[in-house]
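If you want the building blocks of each chain, they are given just below.
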Amino acid sequence: KLQFLYFIANKMLPEVLKRAATSWPLVVVLLLLGEIVLSTLIIQKVSYTEIDWKAYMDEVQPVIELGERNYSNLRGETGPLVYPAGFVWLYSLLWSVTDGGTDILRAQYIHVFLYVLLLGVVTRLYKQDSSFVASLVFLFAASKRIHSIFMLRMFNDCPTMILLYLSILLFSRKKYFWGVMVWTLSLSVKMNALLVLPAVLLILVVHTGWVRALVYLMLSAVAQYGIGYPFLSFDFDSYVAASFNFSRVFKQKWSVNFKWVSCEPLPASQETLLEDCVGLFSSKEFGLALLVTQLLVLSIFAWFWVQKAGGVKRLLTSNCIPYTPRYLIKIFFTTNFVGVAFARSLHFQFYVWYFHTLLFLVVGLRCLPNLVKPLLLLGIELSWNPWKGESSTYESSLLLTGCHCLLLLCLLVDTVNESHVADKKD
């Protein structure tokens, strides 16, 4: 009996645990069920915080009740509507099923469903990497901030990211037309989906050639026009100015990443909805410098990604070596990360823009010791939680910037080293 128990404890049990940890179906089912339970407990035990939900409902109400088509007349308590028409149609549906947005509890459970749906899509992406240990996705459940963004704040970043991840999944499955269309839908809800545009362009050219890539992009533009047509046909200028405004400057008070950049606070009487200080942070020069640096960094990455596909000559002649699904996903995630890292102001809800990509990127790093990887993830998570009252601090934003720089440097080193190495088929 002792020998049998010894055999069970030292031979069978470790093997069973090892197989369970690498079994994607088992891990995903446990993760989703666990998140449903955890999210339900959060809704029941933690108070809902009103930030933007009421504003979303106020912005779409005139469209539903009055048939309003002038975009400049759509506004909520936080200011005018600044999202494309896909947001209006999606939140009009949510307005209808939540009694005009007044049934907060129902809206919260809808966001539980959205969160579980997002996890289902993201885990399918992670499964494309055959070297990734399935059980690591349980770490998704450890983020306090992400649960708050979905269940307690209900920001519109949530449905945007579901659509964006779904589009990446479709690209990885070689469904390029549907990948482009779903990406277009995500862009129509919120403009942060534009961060992966360089990856969309590169993947289309490498995998489909220049002609088909241009056709897909034209179809995307037509779809975007169709989504906004009721407003574009009424007042083209007001729709474009509101929904695709690239000149906005956000308050430094709510900035998570560049709180350490100098900016003199304005007197309360001079503050606006979007500006609360004067200095380097709010200057056009700082915004332009970040944009130029972002484009420069993306160009460096793109050069080595093109080498991975066979070089410039093959790219120009539409004769590229296709990327493996794992590498394709890495290109999307890296492009998105670069866009986030060089954004002038990241608010707390923007964490969802890249949280579910960080595990994929960090675990896959070759230039970083394994002991440092969890510390890097922990540093980023801590930075995205308030350090003083309800906002970040000089120190927390400096920590986040440092973590971003380390991750960016490691991603670049790995990309250079991988550019001339053939990928194994996943």
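What this report covers is the structure whose coordinates are included nearby. From a predicted model like this one, the values you see are computed outputs, not experimental measurements.

### Regarding the overall build of the protein
No. 1: When its secondary structure is counted, the protein shows 17 helices and four strands.
No. 2: Over its C-alpha atoms the protein spans a radius of gyration of 23 Å, differing by no more than 12% from the 22 Å that the globule rule assigns to 426 residues.
No. 3: Summarising its shape, the C-alpha atoms of the protein cover approximately 75 × 60 × 45 Å along the three principal directions.
No. 4: The long-range fraction of contacts in the protein, counting pairs at least 24 apart against all pairs at least 6 apart in sequence, stands at 75%.
No. 5: If you average the places of the 35 positive and of the 27 negative side-chain charges in the protein, the two averages end up 14 Å apart.

### A few points about the state of the cysteines
No. 1: Counting across every chain of the model gives one disulfide.
No. 2: This cysteine, C403, is not joined by any disulfide, and C405 carries the nearest cysteine sulfur, 9.4 Å off.
No. 3: Using a relative accessible area of 8% as the deciding quantity, one classes C403 as buried.

### Things to note about unusual backbone geometry
No. 1: The backbone of M154 sits at a positive phi, close to 55°, despite the residue not being glycine.
No. 2: Examined against the element boundaries, M154 turns out to sit in the loop between helix 6 (144–153) and helix 7 (157–172).
No. 3: A positive phi angle, close to 70°, is found at K174, a residue other than glycine.

### Structural notes on the nonpolar core
No. 1: Counting residues in hydrophobic clusters, the biggest one holds 127 residues, and the most contacted among them are Y126, Y323, F332 and F333.
No. 2: Of all the elements, helix 5 (residues 104–127) adds the most residues to this core, at eleven residues.
No. 3: With near-sequence residues (within four places) excluded, Y126 lies in contact with W24, F132, V137, F140, F333, H356, T357, L358, L359 and F360.

### Some thoughts on the side chain of K373
No. 1: Tracing the backbone through its elements, the reader meets K373 in helix 16 (residues 372–383).
No. 2: D414 provides the closest opposite charge to the buried, unpaired K373, separated from it by 7.3 Å.
No. 3: Residue contacts for K373: discarding those within four places in its chain leaves V362, V363, L365 and L368.

The rules behind these values
Residues numbered from 1 in each chain as written. Predicted model: local features only at pLDDT ≥ 70, side-chain atom pairs only at ≥ 80, totals over all residues. Heavy atoms only, no water. Helix = DSSP H or I, 4+ residues; strand = E, 2+ residues; numbered from the N terminus. Rg over C-alpha atoms; globule rule 2.2 N^0.38 Å. Contact = heavy atoms within 4.5 Å. Lys, Arg positive; Asp, Glu negative; His and termini not counted. Charge placed at Lys NZ, Arg CZ, Asp CG, Glu CD. Disulfide = S-S within 2.5 Å. Buried < 20%, exposed > 50% of the residue type's maximum accessible area, 1.4 Å probe, protein only. Core = buried A, V, L, I, M, F, W, Y, C linked by side-chain atoms within 4.5 Å. Salt bridge = Lys/Arg side-chain N within 4 Å of Asp/Glu carboxyl O.

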